Amino acid sequence: MATQKSSGTRVPATSNTLTVDRLLSAPLPELLAETGVEIVDAPASADMTFGRIEGRPGAARLTMPTGRSAFLQDTVARILVAKLYGAPMRPVPPTIGVYSRGGSQ
């Protein structure tokens, strides 16, 4: 189960503990460990321009196309983790479409 360290005890990571500040400032490896998200590299495909996250909170796989910059990978990972958890997030630029399975935005 995903956990987040808080005052010496471990509590489940939820949209309530994943604040905007936490999503944007935590080192990415730490954020992924807390949320139970694993990054997997894959060849780019038409249905996955920047990345795709599958699974559920605490056990998810984030598939990222190989060859992307570290900055782009970091940014997309944070956006998709926030989406997975339903956590608050600053608005995404309108040029980036974030869609849930089934095609709704």
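Above this note sits the structure.
The structure contained in this document is the topic of the report that follows.

## Quick word on the overall build of the protein
Tallying secondary structure elements over the protein gives three helices and five strands in all. When its helices and strands are written in sequence order, the protein yields β-β-α-α-β-β-β-α. Sequence separation of at least 24 residues holds for 45% of the intrachain contacts in the protein that already meet a minimum separation of 6.

## Some points on the sheet that holds strand S3 (residues 37–42)
Here three strands make up an open sheet; going across it, the order is S3-S5-S4 and the pairing mixed. Both outer strands of the open sheet, S3 and strand S4 (52–56), are each paired with one neighbouring strand and no more. This sheet shows a mean twist of 20 degrees between the axes of neighbouring strands, independent of strand direction. With six bridges joining them, S3 and strand S5 (residues 59–65) adopt parallel strand pairing.

## Quick word on the nonpolar core
Ranked by size, the top nonpolar core spans 19 residues in total, and within it Leu23, Val37, Ile53 and Leu62 carry the most contacts. Listed by contribution, the elements that provide at least two residues to this core are helix H2 (28–35), S5 and helix H3 (70–85). The element that contributes the greatest number of residues to this core is H3, accounting for seven residues. The residues touching isoleucine 53, leaving out its near neighbours within four places in the chain, are Val37, Ala60, Arg61, Leu62, Leu80, Val81 and Leu84.

## What to know about the environment of threonine 66
On the secondary structure map, threonine 66 appears in the loop between S5 and H3. On the basis of relative accessibility, which here comes to 47%, the residue threonine 66 falls in the partly exposed class. For the pair threonine 66 and alanine 44, spaced 22 residues apart in sequence, the C-alpha to C-alpha distance is 6.8 Å. Other than its neighbours up to four places away in sequence, threonine 66 contacts Asp41, Ala42 and Pro43.

## As for H3
If you check H3, its first and last C-alpha atoms are 23 Å apart, about what 16 residues at 1.5 Å a residue would give, namely 22 Å. For H3, the elements touching its buried residues are helix H1 (20–25), H2, S3, S4 and S5. Looking one or two residues past H3, glycine 86 carries a phi angle of roughly 65 degrees, positive in sign.

About the thresholds
Residue numbers run consecutively from 1 along every chain, following the written order of its sequence. Where local features are concerned, this predicted model is filtered to residues with pLDDT of at least 70; where side-chain atom pairs are given and counted, the filter is 80 or more; whole-chain, interface and lining totals use all residues. Excluding hydrogens and water, the side-chain figures rest on all heavy atoms present in the structure. Secondary structure elements are taken from DSSP: a helix is a run of H or I of four residues or more, a strand is a run of E of two residues or more, and numbering for both begins at the N terminus. Here a residue-residue contact requires only that any non-hydrogen atoms of the pair lie within 4.5 Å. Two strands are said to pair when DSSP picks up at least two bridges between them. With axes taken as lines fitted to C-alpha atoms, and helix axes fitted only over the stretch in contact, angles between N-to-C directions fall between 0 and 180 degrees. Grouping buried Ala, Val, Leu, Ile, Met, Phe, Trp, Tyr and Cys residues that are joined through side-chain atoms within 4.5 Å yields what is termed a nonpolar core. Buried means the residue's accessible area, taken with a 1.4 Å probe over protein chains only, is under 20% of the maximum for its type, while exposed means over 50%, and partly exposed covers the values in between. Expected span of a helix: the number of residues minus one, times 1.5 Å.

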